[in-house]
Amino acid sequence: MSADRHGHTHRLDLADATVREWDATVVAADPEQGIVLDRSAFYPGGGGQPPDEGVLLWGGVRTRIAGTRRGDELYLIPVEGDPVPPPGTAVRGALDDERRTALMRTHSGLHVLTGVVLRDFGAKVTGGNMEPLTARMDFDLAEVPADFKDRVAQAVNAEITADRPIVVRTLPREEAYAIPDLIRTATDLLPPDIEQVRIVDVVGLDLQADGGTHVASTAMVGRVEVVKMENKGRGFRRLRVRIV
């Protein structure tokens, strides 16, 4: 299966994270299962990034999309009670721009964070989660300097100010796995049947496999505040951050 498709849906978000509105045709629809489009910019969720929200406009009707679900298809989940367009309907899709942009800034900020922590402290990621402009990242780090939180914040914001380009590309799996530290999690979560690996490159700082959406450069992230560091057990350090 092509890297920009999921079931019958052409994934516009994988090629261009700036798309907010587009035309599509309904391939399948069910109030319980969801709506399948032939083309969609809705990010379905994954890798810690939540799914997008938005609307479908058709025939003077608005169907609100509360989230997505992945199965054999990419299903858009309508808000309960909203009308569902039947198969064959031409629709106009639109994302919640403020939410998506905030998530892109957050996700890119986390890549800067993981790049800094790996470079300066040699620690890989063990978990994480994000919401718009707030997130947590967990690291496998046995020893923590007393000024760890402040050093991380200073280094992350220096990299953001450096305005590093963020480039997305796709590589064959074998070529991708030849890149040192491509998998930034302590456990390799990439499914074995993925033949083409999507790579997100914060140029000069961080290079890793990733399926999410990102801004075009680190300067677009804003500023990262490291709000808190928590010790969650032996070698388990959690950083809570906010994007401002």
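Residues numbered from 1 in each chain as written. Predicted model: local features only at pLDDT ≥ 70, side-chain atom pairs only at ≥ 80, totals over all residues. Heavy atoms only, no water.

Explain the overall build of the protein chain residue by residue, including any values.
The helix and strand inventory of the protein chain stands at four helices and 16 strands. In summary, the protein chain has a C-alpha radius of gyration of 19 Å against a globular reference of 18 Å for 244 residues, a match within 12%. In terms of overall dimensions, the protein chain has a C-alpha envelope of 60 × 40 × 35 Å along the principal axes. The buried share of the protein chain, taken over its 244 residues, is 47%. Of the contacts formed within the protein chain by residues at least 6 apart in sequence, a portion of 65% connects residues at least 24 apart. Split by element, the accessible area of the protein chain, about 11,600 Å² in all, is 49% carbon and sulfur. (Helix = DSSP H or I, 4+ residues; strand = E, 2+ residues; numbered from the N terminus. Rg over C-alpha atoms; globule rule 2.2 N^0.38 Å. Buried < 20%, exposed > 50% of the residue type's maximum accessible area, 1.4 Å probe, protein only. Contact = heavy atoms within 4.5 Å. Areas by Shrake-Rupley, 256 points an atom, 1.4 Å probe, with all protein chains shown as cover.)

Requested: an account of the packing of aromatic side chains, with residues and values cited.
Applying the stated criterion across every chain yields a total of two aromatic pairs. When the centroid spacing of 5.5 Å and the interplanar angle of 80° are considered together, the rings of Trp22 and Phe42 count as edge-to-face. Of this pair, Trp22 sits in strand E3 (residues 21-30) while Phe42 sits in the loop between strand E5 (39-40) and strand E6 (54-58); the two residues are 20 residues apart in sequence, bridging distant segments of the chain. Phe42 carries the same exposure label as Trp22, and that label is buried. Plain terms: the ring middles of Phe121 and Phe148 are 4.8 Å apart, the flat faces sit at 75° to each other, and that makes the pair edge-to-face. Within this pair, whereas Phe121 is found in helix H2 (residues 97-121), its partner Phe148 is found in helix H3 (residues 148-161), the two being separated by 27 residues in sequence. With relative accessibility at 1%, the residue Phe148 sits in the buried group. (Phe/Tyr/Trp six-rings, centres within 6.5 Å; stacked < 30°, edge-to-face > 60°.)

So what's going on with the environment of Gly212? Which residues, and what values?
Looking at the element boundaries, Gly212 is found in the loop between strand E14 (206-209) and strand E15 (224-231). Residue class for Gly212 comes out buried when judged on its relative accessible area of 1%. Separated by 166 residues in sequence, Gly212 and Gly46 have C-alpha atoms that sit 7.4 Å apart. Here Gly212 is in contact with Tyr43, Gln49, His107 and Arg198, once residues within four sequence places are set aside.

Got a sec to walk through the sheet that holds strand E12 (residues 166-172)? Specific residues and values, please.
The three strands lie next to each other as E12-E13-E14, forming an open sheet whose pairing is antiparallel. Only two strands of the sheet have a single neighbouring strand rather than two, namely E12 and E14. Pairs of neighbouring strands in the sheet enclose a mean axial angle of 25°, with direction left out of account. Here four bridges tie strand E13 (residues 196-202) to E14, and the two strands are oriented antiparallel to one another. Bridged to Val202 within E14 is Asp206. (Pairing = 2+ DSSP bridges. Axes fitted to C-alpha atoms, helices over the stretch in contact; angles between N-to-C directions.)

Explain the side chain of His107 to me, using residue names and the numbers behind them.
In this fold, His107 is placed in helix H2. The class for His107 is buried, based on a relative accessible area of 4%. Here the side chain of His107 touches Asp210 through a polar contact of 3.1 Å, side chain to side chain. Not counting chain neighbours up to four residues away, the residues in contact with His107 comprise Gln49, Met130, Asp210, Gly212, Thr213 and His214. (Polar contact = N/O pair within 3.5 Å; in protein donor to acceptor, adjacent residues only side chain to side chain.)

So what's going on with the side chain of Thr9? Which residues, and what values?
Looking at the element boundaries, Thr9 is found in strand E2 (residues 9-11). Of the polar contacts made by the side chain of Thr9, one reaches the backbone oxygen of Leu37; its length is 2.7 Å.

Please set out H2 residue by residue, giving values where relevant.
Residues that lie three or four places apart on an α-helix share one face, since the helix turns once every 3.6 residues. Helix length check: H2 (25 residues) gives 35 Å between terminal C-alpha atoms against 36 Å at 1.5 Å per residue, within 8%. Counting buried residues in H2 gives 20 out of 25 residues, a clear majority hidden from the surface. If you check the start of H2, you find a side-chain oxygen 3.3 Å away from the backbone N of Glu98, and it comes from Asp96. With its phi angle positive at about 70°, Gly122 sits one or two positions after the end of H2. (Expected span 1.5 Å × (residues − 1).)

If you had to explain the environment of His8 to someone new, which residues and values would you point to?
Tracing the backbone shows His8 in the loop between strand E1 (5-6) and E2. Sequence spacing of His8 and Asp72 is 64 residues, and the spatial spacing of their C-alpha atoms is 8.9 Å. Residues within four places of His8 in sequence aside, it is in contact with Val27, Leu37, Asp38 and Glu73.

What is shown is where atoms sit, not what they do.
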